[in-house]
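Take a look at the letters that make up each chain.
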Amino acid sequence: MKKIGKVSATEKSPTTNDEFIFLVEDNEEIKPFDIIKADNNIGDKKSITYAIIQDIFYITDSPGHIGNYVSSDFGDLNSAPSTKRLGVTYAQAVVLHNNKDVYMPLRDGTLVEFAGEDEIKEALGLDKIKNPIPAGFLDVSNNITVPICFNSDFLIGPEGAHSNISGISGLATKTSYAMFLLQAIQQTKNDVAIIILNVKGNDLLRIDEINPLLTNEQKNAWSKTGLECKPFSNVKYFYPYKNDKENCFCNTSCEKDALNNQFQSNMAQTYAYTYDHDKNNLDLLFSNIDDPNFTMESILNVVIEHSDFDDLDWDSFKSKLGEYTKKGQGKGEITVQSWRKFTRLIKKSIVNQIFQKSLSKDTTKRNYHLSDEIKKIQKGEALVIDIAKLEEQIQGFVFGDILQAVNDLKFGETDRSEDDIPKKIIIFVDELNKYAAENAPKNSPILRNLLEITERGRSEGIILFSAEQFKSAVHDRVKGNCSTHVYGRTNAIEISKPDYRYIPKTFTNMMTRLDTGELIVQHSIFKTLLKIKFPYPSYFQRKGNR
């Protein structure tokens, strides 16, 4: 393997068992995240120490910039330097591994080389991963591409679970990478089911169709990961109901032709909420409303338990609430003012057409209760739930309904046998900060469900894949339980937050310069953060997308 430099140990900058400095050969190109190696021989024991380049410097023997200014004829741009400076490029490397468990510091003058593909796998522990799931590939400076895999046991349980992806919008990286990971899981696991929430536009509403924009080079990138370049299989779409025959009774941004094809292929359904089926979930509408005195909760208890609210539909429910808002009609300790506030919030929410008197028997509408369909999910299926065109509080309501349905399914509140239920159910949601914000009300039912999933879900096989622009805006207990963290490009304000305190400065600075398709990943079993690439999406993309 090509030699690129030699170790330098000085009085003020000694090598240690954790890190060392090496002088870089002239005209040699290296970069942060490159994996290097050096012989570490102690007596008769021969071993190899692997390290990752963390920072690169260039210095000269000039005492200061004034000296350089004078030696270049007082800053004359066209003059030749009157004093030739002695300069050297050196790099700081952090030790990752020694193949014989030798952690003696490297000696001064030890030659440093690029690591080969097998050696990189050994250095990162990739050669010992059981149940690997492709995670992308590593491009290093010596023109080697190394496939990177996550350990399934730490990605989707049981040892660890949950993934969080952060990065600014507009680079089509967060969602694309989450979909790549889900594609990798669908191709390598046959007992996993996936639930995907489409929260914006129509990005994820044609994932069963091939991508017509793929070039040969982009297809080859899939082979670098060991995966087949193909769209998702066993896909079902669920759209919010809308009384719009022209659009297949769907409130969606999906193109009409694609929508028609999905309905004709029995891949699509509409979902709606009825009072008798869903009144117990009304608390989900109040997820972002602070309720320090538990007034809303008290009213909801009355709605659920009092016979006044039995045998109603949404319209008669609103009428019944109207009776409680009249002067002198307050019940118990709940004031009329509280009933009025509750009624305003309810009336504002349930005007959406997904709140129906009853499910339609018209088969062309394919009208179903979403939670019932979630509880029927099969191994290998990918369910796409479109919530993009719903108002924010309704999006939260649907998301909460999905979480509750998955919890009910996995905690045995169905008639299905254990063997029939998917061993793992992965829920992917973008814009997690909407549902699990750092400052979310403590009594938020959605936050409560998310905490339940992230803290105890892995033992039951409920896994959360999430994404958001700014990791610092997400609740500590939700992100703290993720075993895999992925960073796309972000900005300088974000990397100044405490979440990035323990990441080397060079790496956080690189987060502000990442390109489309580049990510920095932190996985439980990796010995360091890695900068990886991943392939272009294999499912349908429109021109202008990544």
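Residues numbered from 1 in each chain as written. Predicted model: local features only at pLDDT ≥ 70, side-chain atom pairs only at ≥ 80, totals over all residues. Heavy atoms only, no water.

*Asks:* Help me out: how do you make sense of the overall build of the protein in this one?
*Replies:* Secondary structure summary: the protein contains 16 helices and 21 strands in total. For the C-alpha atoms alone, the extent of the protein along its principal axes is close to 90 × 50 × 50 Å. Across the 546 residues in the protein, those meeting the buried criterion constitute 53%. For the protein, the share of sequence-separated contacts (at least 6 apart) that also reach a separation of at least 24 residues comes to 73%. Surface summary for the protein: the accessible area is close to 25,200 Å², and the carbon and sulfur share equals 46%. Taking the average location of the 68 positive side-chain charges in the protein and that of its 75 negative ones, the two points are 2 Å from each other. (Helix = DSSP H or I, 4+ residues; strand = E, 2+ residues; numbered from the N terminus. Buried < 20%, exposed > 50% of the residue type's maximum accessible area, 1.4 Å probe, protein only. Contact = heavy atoms within 4.5 Å. Areas by Shrake-Rupley, 256 points an atom, 1.4 Å probe, with all protein chains shown as cover. Lys, Arg positive; Asp, Glu negative; His and termini not counted. Charge placed at Lys NZ, Arg CZ, Asp CG, Glu CD.)

*Asks:* Sorry, what's going on with the sheet that holds strand 5 (residues 87-98) here?
*Replies:* Whenever strands of a sheet pair, they do so through backbone hydrogen bonds, lying parallel or antiparallel. Taken in spatial order, the 6 strands close into a barrel running 1-2-5-4-3-6, and their pairing is antiparallel. The mean angle between the axes of side-by-side strands here comes to 45 degrees, regardless of whether they run parallel or antiparallel. Two elements, strand 3 (residues 35-39) and strand 4 (residues 48-60), share 5 bridges in a ladder whose sense is antiparallel. Counted as the bridge partner of Lys-37 is Tyr-50 from strand 4. (Pairing = 2+ DSSP bridges. Axes fitted to C-alpha atoms, helices over the stretch in contact; angles between N-to-C directions.)

*Asks:* How do you make sense of empty space enclosed by the protein when you look at a structure like this?
*Replies:* To find the voids left in a structure, one rolls a probe of water-molecule size over its atoms. Across all of its chains, the model carries 4 cavities of 30 Å³ or more by this definition. By volume, the largest cavity amounts to about 60 Å³. Every residue lining the largest cavity is listed: Thr-175, Leu-197, Asn-198, Val-199, Lys-200, Asp-203, Leu-204, Phe-428 and Asp-430. When grouped by side-chain class, the residues that make up the lining of the largest cavity number 4 nonpolar, 2 polar and 3 charged. (1 Å grid on protein atoms, 1.4 Å probe; cavity = no way out; pocket = protein on both sides within 12 Å on 5 of 7 lines; lining within 4 Å. Points joined across faces, edges and corners; volume = space filled by probe spheres on them. Nonpolar A, V, L, I, M, F, W, Y, C, P; charged D, E, K, R; others polar.)

*Asks:* Looking at this model, I keep getting lost on the pairing of strand 11 (residues 235-240). Mind explaining?
*Replies:* Regular strands place side chains that alternate from one sheet face to the opposite one. Counting buried residues in strand 11 gives 5 out of 6 residues, a clear majority hidden from the surface. The pairing of strand 11 with strand 16 (residues 382-386) spans 4 bridges and is classified as parallel. The residue of strand 16 that forms the bridge with Tyr-237 is Val-384. In this sheet, strand 12 (residues 268-271) lies alongside strand 11 in parallel orientation, the contact comprising 4 bridges. Across the sheet, the residue bridging to Tyr-239 is Thr-270, located in strand 12. What joins strand 11 to strand 12 is helix 6 (residues 256-264), and the crossover it makes is right-handed. (Right-handed = clockwise from strand over helix to strand, strands pointing away.)

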